[in-house]
Amino acid sequence: MDQVSEDAISPSSEYQALTTECTELFATIYDQLPSDIQILFTQYEEVVTLIQGLAESTMYEQGIKDGLQLSQVLYSY
């Protein structure tokens, strides 16, 4: 997944712009929070990131399985 991201997504100017905007928005929100809420917000962000990573990995693996099944169907004819 990291290689796909590096080769296909990262060079995209739209991806870079959205990443920059996301980082700036996070920093703006974070800076306006009291310190105890900053910790909670950071923990929330980490869990959301883990969920997203798990979902992406699962979908990627399913795509590989689906591709293998499709190739078997296509080559069986």
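The structure this text deals with has already been given above.
Residues numbered from 1 in each chain as written. Predicted model: local features only at pLDDT ≥ 70, side-chain atom pairs only at ≥ 80, totals over all residues. Heavy atoms only, no water.

Student: For this particular structure, what's the right way to read the overall build of the protein?
Tutor: Helix and strand content of the protein: 3 helices and 0 strands. Traced from its N-terminal end to its C-terminal end, the protein shows the element sequence α-α-α. In terms of overall dimensions, the protein is more spread out than a globule: its C-alpha atoms have a radius of gyration of 19 Å, far above the 11 Å expected for 77 residues. For the C-alpha atoms alone, the extent of the protein along its principal axes is close to 65 × 25 × 15 Å. (Helix = DSSP H or I, 4+ residues; strand = E, 2+ residues; numbered from the N terminus. Rg over C-alpha atoms; globule rule 2.2 N^0.38 Å.)

Student: Explain the environment of A55 here, please?
Tutor: Mapped onto the elements, A55 comes out in helix α3 (residues 35-75). The exposure class assigned to A55 is partly exposed, which follows from its relative accessible area of 35%. In the structure, A55 is positioned 15 residues away from L70 in sequence and 22 Å away in space, judged by C-alpha atoms. (Buried < 20%, exposed > 50% of the residue type's maximum accessible area, 1.4 Å probe, protein only.)

Student: Looking at this structure, how should I read the packing of aromatic side chains?
Tutor: Aromatic ring pairs are reported here in terms of the distance separating the ring centres and the angle at which the planes meet. Within the structure shown, the criterion is met by 2 aromatic pairs. Judged by centre distance (5.9 Å) and plane angle (20 degrees), the rings of F26 and Y30 are stacked. Here F26 pairs with Y30, and both are found in helix α2 (residues 13-31), just 4 residues apart, close to one helical turn. The class of F26 is partly exposed, set by a relative accessible area of 25%. Arranged with centres 5.1 Å apart and planes meeting at 20 degrees, the rings of F26 and F41 form a pair that is stacked. One end of the pair, F26, is in helix α2; the other, F41, is in helix α3, with 15 residues separating them in the sequence. On the basis of relative accessible area, F41 is assigned to the partly exposed category, the value being 22%. (Phe/Tyr/Trp six-rings, centres within 6.5 Å; stacked < 30°, edge-to-face > 60°.)

Student: Any chance you could explain α2 here in plain terms?
Tutor: Taking 1.5 Å of rise per residue, 19 residues should cover 27 Å, and α2 covers 27 Å from first to last C-alpha, within 8% of that figure. Where α2 starts, the residue carrying a side-chain oxygen 3.3 Å from the main-chain nitrogen of E14 turns out to be S12. (Expected span 1.5 Å × (residues − 1). Polar contact = N/O pair within 3.5 Å; in protein donor to acceptor, adjacent residues only side chain to side chain.)

Student: Honestly, the packing of α2 against α3 in this entry has me stumped. Any pointers?
Tutor: Packed helices, taken two at a time, are described by their axes: the angle between them and the distance between them. One way to put it is that α2 packs onto α3 with a least axis distance of 10 Å and a crossing angle of 150 degrees. Of the possible angle classes, the one that applies to α2 and α3 is roughly antiparallel. For the pair α2 and α3, the sense of crossing is right-handed. Residue-level contacts link F26, I29, Y30 and D31 of α2 to Q38, F41, T42 and E45 of α3. When grouped by side-chain class, the residues that make up the contact of α2 with α3 number 4 nonpolar, 2 polar and 2 charged. (Axes fitted to C-alpha atoms, helices over the stretch in contact; angles between N-to-C directions. Parallel < 35°, antiparallel > 145°, perpendicular 65-115°, else oblique. Left-handed = near helix turned anticlockwise from the far one by under 90°. Contact = heavy atoms within 4.5 Å. Nonpolar A, V, L, I, M, F, W, Y, C, P; charged D, E, K, R; others polar.)

None of the figures reported here should be taken as evidence of function without further support.
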